[in-house]
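Coordinate inspection notes
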Amino acid sequence: MAKAIMQLDGLTCPSCMQKIEGALKKQTGVENVKVLFNASKVKTDFDESQTTADELAAVVNRLGYEVQSLKVKQPK
């Protein structure tokens, strides 16, 4: 599993967290989603054979949140 870490702009309320988590969990290949409200970050574990970090960032952008930075950590 790779891990995508997205720094967001526009995360203003707990319902935003639920909206993002719900949308990402529906994506094929996503195993785990954690939204860190106070840090405005989203951490997602995903299978690179089924989706990409860029596709996951695009889902968040379509919800109206700007992904300011995207980092991918490869499995060891």
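Placed above this text is the structure.
Fair warning: this is a prediction, and the values are worked out from it, not measured in the lab.

Inspection of the sheet shows strand 2 (residues 30-36) paired to strand 3 (residues 41-46) by 6 bridges, in the antiparallel sense. Residue pairing for strand 3: Val35 is matched across the bridge by Val42. Connecting the antiparallel pair strand 2 and strand 3 is a turn made up of 4 residues, with Ser40 showing a positive phi of about 55 degrees.

Among the surface-exposed residues, Lys34, Lys43, Lys71, Lys73 and Lys76 lie close enough to one another that they form a single positively charged patch. For Lys43, a relative accessible area of 32% puts it in the partly exposed group.

Taken as a whole and judged by the stated rule, the model has 1 salt bridge. A salt bridge links Lys3 to Asp45; the nearest nitrogen and oxygen atoms lie 2.8 Å apart. Within this pair, whereas Lys3 is found in strand 1 (residues 2-9), its partner Asp45 is found in strand 3, the two being separated by 42 residues in sequence.

Right, let's get into the packing of helix 1 (residues 14-25) against helix 2 (residues 53-62). With their axes 10 Å apart at the nearest point, helix 1 and helix 2 run at an angle of 140 degrees to one another. On the basis of the axis angle, helix 1 is oblique to helix 2. The element helix 1 and its partner helix 2 pack so that their crossing is right-handed. Where helix 1 approaches helix 2, its residues Ile20, Ala23 and Leu24 are matched on the opposing element by Leu56, Val59 and Val60. In terms of residue class, the contact of helix 1 with helix 2 is built from 6 nonpolar, no polar and no charged.

Right, let's get into the pairing of strand 1. Examined bridge by bridge, strand 1 and strand 3 share 6 bridges and lie antiparallel to one another. Pairing of Ile5 across the sheet is with Lys43, part of strand 3. Alignment of strand 1 against strand 4 (residues 66-73), held across 7 bridges, turns out to be antiparallel. Its bridge partner being in strand 4, Gln7 is matched across the sheet by Ser69.

Conventions adopted
Here the residue index of a chain counts from 1 through its sequence in written order. This being a predicted model, a pLDDT of at least 70 is required before a residue's local features are given, and a value of 80 or more before pairs of side-chain atoms are given or counted; all residues contribute to the totals for chains, interfaces and linings. No hydrogens and no water enter the side-chain calculation; it runs on all heavy atoms of the structure. If DSSP finds at least two bridges between two strands, the strands pair. Under the scheme used here, helices are H or I runs from DSSP no shorter than 4 residues and strands are E runs no shorter than 2 residues, and both carry numbers assigned from the N terminus. Two joining distances apply to patches: 9 Å for like charges and 5 Å for nonpolar side chains (Val, Leu, Ile, Met, Phe, Trp, Tyr), and every residue must have over 30% relative accessible area and no salt bridge. Shrake-Rupley sampling with a 1.4 Å probe provides the accessible areas, and residues are treated as covered by the protein chains on show and by no other component. The term salt bridge refers to a pairing of a side-chain nitrogen on Lys or Arg with a carboxyl oxygen on Asp or Glu at a separation within 4 Å. Positive charges are assigned to Lys and Arg, negative charges to Asp and Glu, while His and the chain termini are left out of the count. By convention, the point assigned to a charge is CZ for Arg, NZ for Lys, CD for Glu and CG for Asp. Only protein chains enter the accessibility calculation, which uses a 1.4 Å probe. A residue is then buried if its area is under 20% of the maximum for its type, exposed if over 50%, and partly exposed in between. As a rule, the C-alpha atoms of each element are fitted with a line to give its axis, helices using only the stretch in contact, and angles between N-to-C directions run from 0 to 180 degrees. Oblique is the label for every angle not falling under 35 degrees (roughly parallel), over 145 degrees (roughly antiparallel), or within 65 to 115 degrees (roughly perpendicular). In this scheme the crossing of two helices becomes right-handed for a clockwise turn of the near helix relative to the far one and left-handed for an anticlockwise turn of less than a right angle. Whether two residues are in contact is decided by their heavy atoms, any of which lying within 4.5 Å being enough. Amino acid classes used here: Ala, Val, Leu, Ile, Met, Phe, Trp, Tyr, Cys and Pro are nonpolar; Asp, Glu, Lys and Arg are charged; the rest, including Gly, are polar.

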